[in-house]
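Summary of the model geometry
The lines below spell out each chain.
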Amino acid sequence: MEEVQTFVTHLECGLTGERFEPDRVHGLSSAGRPLLVHYDLDAIRDGVSQPDLIGRPPELWRYREFLPVRRKANIVSLGETMTPLLPVPKLQTGAGPLMVKDEGRLPTGSFKSRGLCMAVSMAKELGITRIAMPTNGNAGAALAAYATRAGIQSFVFCPEDTPEVNVREIAAQGARVWRVNGLINDCGKIVADGKQAVGWFDLSTLKEPYRIEGKKTMGLELAEQMQWKLPDVIMYPTGGGTGLIGMWKAFQELQAIGWIHGRLPRMIAVQATGCAPIVRAYEAGERHAELWTNAHTVATGIRVPAAVGDFLILQAVRDSNGFAVAVDDDAIMAAHRTCAQQEGVLLCPEGAATLAAYQQAVAAGRISSDESVVLFNCATGLKYPLPAVSQTLDRHQPIDYQQFRTE
Ligand SMILES: *Cc1c(COP(=O)(O)O)cnc(C)c1O
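1. Brief notes about the pairing of strand 10 (residues 233–237)
Of all five residues that make up strand 10, five are buried, and the element is covered over most of its length. Side-chain alternation along strand 10 places Val233, Met235 and Pro237 on one buried face and Ile234 and Tyr236 on a second face that is also buried. The pairing of strand 10 with strand 11 (residues 266–272) spans five bridges and is parallel. Across the sheet, Val233 pairs through a bridge with Arg266, a residue of strand 11. The parallel pair strand 10 and strand 11, bridged by helix 8 (residues 242–256), forms a crossover whose chirality is right-handed.

So this is what it looks like as structure tokens:
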């Protein structure tokens with residue numbers, strides 16, 4: 001079997017630094033916190049160069065030296081294509097370019113596929129045969145697809161108001177799925193409690209080490225797309241924070257091997273006012289975030305009342321001189337409309353939250369008009385309910401063509 005070159009040395013608790021061996025099944029650290037994968041960065045530096053990447057397929061496995069999968073045969077893929085960086089000049093407020101990284105092009109229509117292709121590939125490598133997960137929709141859909149492709153059983157638990165399309169997609173792609181009368185953290189408890197009883201592996205956000213490594217490719221890809229010069233500001237719709245933590249990790253690794261230089265982007269964690277535990281902790285100067293009660297927002301992907309990696313999100317935000325900010329549902333839906341109608345880019349509500357936050361942050365002077373900004377749109381807008389259209393034409397009646405002129 002062909003080996004993939006990988007340079008994993010060990011895993012470390014993100015909070016305490018406690019070390020764990022690679023090539024073993026791991027969940028959380030003994031402190032109950034996420035594990036981070038560490039690499040021999042000197043070996044990566046010697047093992048791959050920027051020009052080496054040019055001839056590789058335009059997918060996330062082009063960064064294989066930065067990834068944990070050891071054997072190529074264990075890669076579970078549905079075609080994790082590189083995603084476009086779209087300029088949206090009509091929405092830009094000053095001289096600094098505004099761009100949308102459109103992650104809706106990925107398999108299962110969301111960037112959850114980046115994390116799940118990695119976690120499921122590692123599960124396959126480690127011989128795991130049953131996986132369970134709580135989800136607000138997109139993660140469950142990605143798990144279902146990749147687990148089915150890998151021949152692994154999957155069990156998925158969603159809040160009862162999860163959009164119909166997500167629940168159906170999860171079932172259609174071969175997972176067993178249940179609606180639960182609670183929120184994602186309540187679903188998470190069912191998964192955790194079932195570990196003993198059913199013997200499934202808990203693939204909750206950040207409760208296993210490899211989803212971060214998959215999400216890290218957003219940072220690697222963004223750097224490569226921008227010719228290894230990162231934007232001034234990254235605005236990220238933050239739920240469990242995997243992507244924000246992953247990108248920040250990518251930037252540290254790229255800096256360590258000398259592929260990027262200078263100041264790193266300011267990382268802005270965007271949440272909804274109806275569920276903003278990270279923003280509250282950021283503003284209070286806390287290291288950890290407290291559980292948010294009565295969480296609600298149209299942006300269900302960021303409706304996460306408690307994040308086990310809260311301190312890693314807050315650390316990246318603070319170390320990068322960024323901030324955490326919340327926007328309300330009206331601003332989210334207004335931004336959603338504006339972007340679709342002015343730029344032809346149909347964001348998901350979570351992506352629209354980053355646009356709303358950009359508009360408010362520029363107005364408040366928290367982002368200066370000459371800074372370059374990248375917004376993350378993490379799913380296709382087509383997975384969400386859209387505003388109804390009621391106009392009809394009766395082809396048997398004379399048609400008043402004047403109406404089309406005045407429109
Ligand atoms: C999961 C999700 C998010 C939040 O991602 P995290 O990295 O877990 O914070 C944002 N937007 C969409 C569409 C999602 O599905």
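2. Points about the pattern of salt bridges
Counted by the stated rule, this structure contains 21 salt bridges. The shortest N-O distance in the salt bridge between Arg114 and Glu221 comes to 3.1 Å. Taken as a pair, Arg114 in helix 3 (residues 112–125) and Glu221 in helix 7 (residues 210–225) lie far apart in primary sequence, 107 residues in all. Residue Glu221 is classed as buried on the basis of its relative accessible area, which comes to 0%. Note that Glu371 and Arg266 form a salt bridge whose closest N and O atoms lie 2.9 Å from each other. A residue pair is termed long-range when its members are at least 10 positions apart, and Glu371 in the loop between helix 12 (349–363) and strand 13 (373–377) and Arg266 in strand 11 qualify at 105 residues. By relative accessible area, Arg266 is classed as buried at 11%. Through salt bridges that share partners, Lys101, Glu103, Arg114 and Glu221 make up one connected network.

3. Side note on the sheet that holds strand 6 (residues 130–134)
The four strands are arranged 8-7-6-9 in an open sheet whose pairing can be described as parallel. Each edge of the open sheet is held by one strand with a lone partner, namely strand 8 (176–180) and strand 9 (201–202). Strand contacts of helix 6 (residues 184–198): strand 6, strand 7 (153–159), strand 8 and strand 9, with the helix running at about 155° to strand 6, the strand carrying the most contacts.

4. A closer look at the site of the ligand
For the ligand, the set of nearby residues contains 19 residues, the closest of which are Lys112, Asn138, Tyr236, Gly239 and Gly241. One of the backbone N or O atoms of Gly240 is found 3.2 Å from an oxygen atom in the ligand. Relative to its unbound accessible surface of 380 Å², the ligand loses 97% to contact with the protein. Where the shell around the ligand is concerned, the elements lending two or more residues are strand 10 and helix 8. Taken together, the residues that form the shell around the ligand break down as eight nonpolar, eight polar and three charged.

5. Some remarks on unusual backbone geometry
A positive phi is found at Trp228, a non-glycine position, where the angle reads about 65°. By the element assignment, Trp228 lies in the loop between helix 7 and strand 10. Non-glycine residue Asn294 carries a positive phi angle of around 55°.

6. Some thoughts on the sheet that holds strand 5 (residues 98–102)
Sheets are built from strands that pair by backbone hydrogen bonding, the pairs being arranged parallel or antiparallel. Pairing is mixed in the open sheet, where six strands are placed in the order 4-5-13-10-11-12. Of all strands in the sheet, those with a lone pairing partner are strand 4 (85–87) and strand 12 (323–327), marking the two edges. Mean inter-strand twist for the sheet, computed between neighbouring axes without regard to direction, equals 25°. Running over the sheet, helix 8 touches strand 10, strand 11 and strand 13 and is turned about 175° from strand 11.

7. Looking at a nonpolar patch on the surface
Residues Leu346, Leu382 and Leu386 make up a contiguous nonpolar surface patch of roughly 280 Å² in combined accessible area. Of note, Leu346 is situated in the loop between helix 11 (329–343) and helix 12. Looking at Leu346, the relative accessible area reads 31%, which means it is partly exposed.

8. With respect to the state of the cysteines
A complete count under the given rule lists zero disulfides for this structure. Take Cys348: it sits in no disulfide, and the sulfur closest to it among the cysteines is that of Cys378, at 5.9 Å.

9. Describing the pairing of strand 12
Along strand 12, four of the five residues are buried, which leaves the element largely enclosed by surrounding structure. Relative to strand 12, strand 11 is paired through five bridges, and the arrangement is parallel. Directly across from Ala272, in strand 12, lies its bridge partner Val327.

10. Digging into the packing of aromatic side chains
Where two aromatic rings form a pair, the distance of their centres and the angle of their planes describe that pair. Here the structure, examined in full by the defined rule, presents nine aromatic pairs. Measuring from centroid to centroid gives 5.4 Å for Phe155 and Trp200, while their planes differ by 45°, and the two rings are tilted. Pair noted here: Phe155 is in strand 7 and Trp200 is in the loop between helix 6 and strand 9, with a separation of 45 residues, a long-range link. When sorted by exposure, Phe155 lands in the same class as Trp200, which is buried. Taken together, the ring pairs connect Phe155, Phe157, Trp178 and Trp200 into an aromatic cluster. The ring of Phe111 has Lys215 sitting right over it, with the charged end atom 3.8 Å from the ring centre.

The rules behind each value
Residues numbered from 1 in each chain as written. Predicted model: local features only at pLDDT ≥ 70, side-chain atom pairs only at ≥ 80, totals over all residues. Heavy atoms only, no water. Buried < 20%, exposed > 50% of the residue type's maximum accessible area, 1.4 Å probe, protein only. Helix = DSSP H or I, 4+ residues; strand = E, 2+ residues; numbered from the N terminus. Pairing = 2+ DSSP bridges. Right-handed = clockwise from strand over helix to strand, strands pointing away. Salt bridge = Lys/Arg side-chain N within 4 Å of Asp/Glu carboxyl O. Contact = heavy atoms within 4.5 Å. Axes fitted to C-alpha atoms, helices over the stretch in contact; angles between N-to-C directions. Near = heavy atom within 4 Å. Polar contact = N/O pair within 3.5 Å; in protein donor to acceptor, adjacent residues only side chain to side chain. Areas by Shrake-Rupley, 256 points an atom, 1.4 Å probe, with all protein chains shown as cover. Nonpolar A, V, L, I, M, F, W, Y, C, P; charged D, E, K, R; others polar. Patch = residues over 30% accessible without salt bridge, like charges linked within 9 Å, V, L, I, M, F, W, Y side chains within 5 Å. Disulfide = S-S within 2.5 Å. Phe/Tyr/Trp six-rings, centres within 6.5 Å; stacked < 30°, edge-to-face > 60°. Lys NZ or Arg CZ within 6 Å of the ring centre and 35° of its normal.

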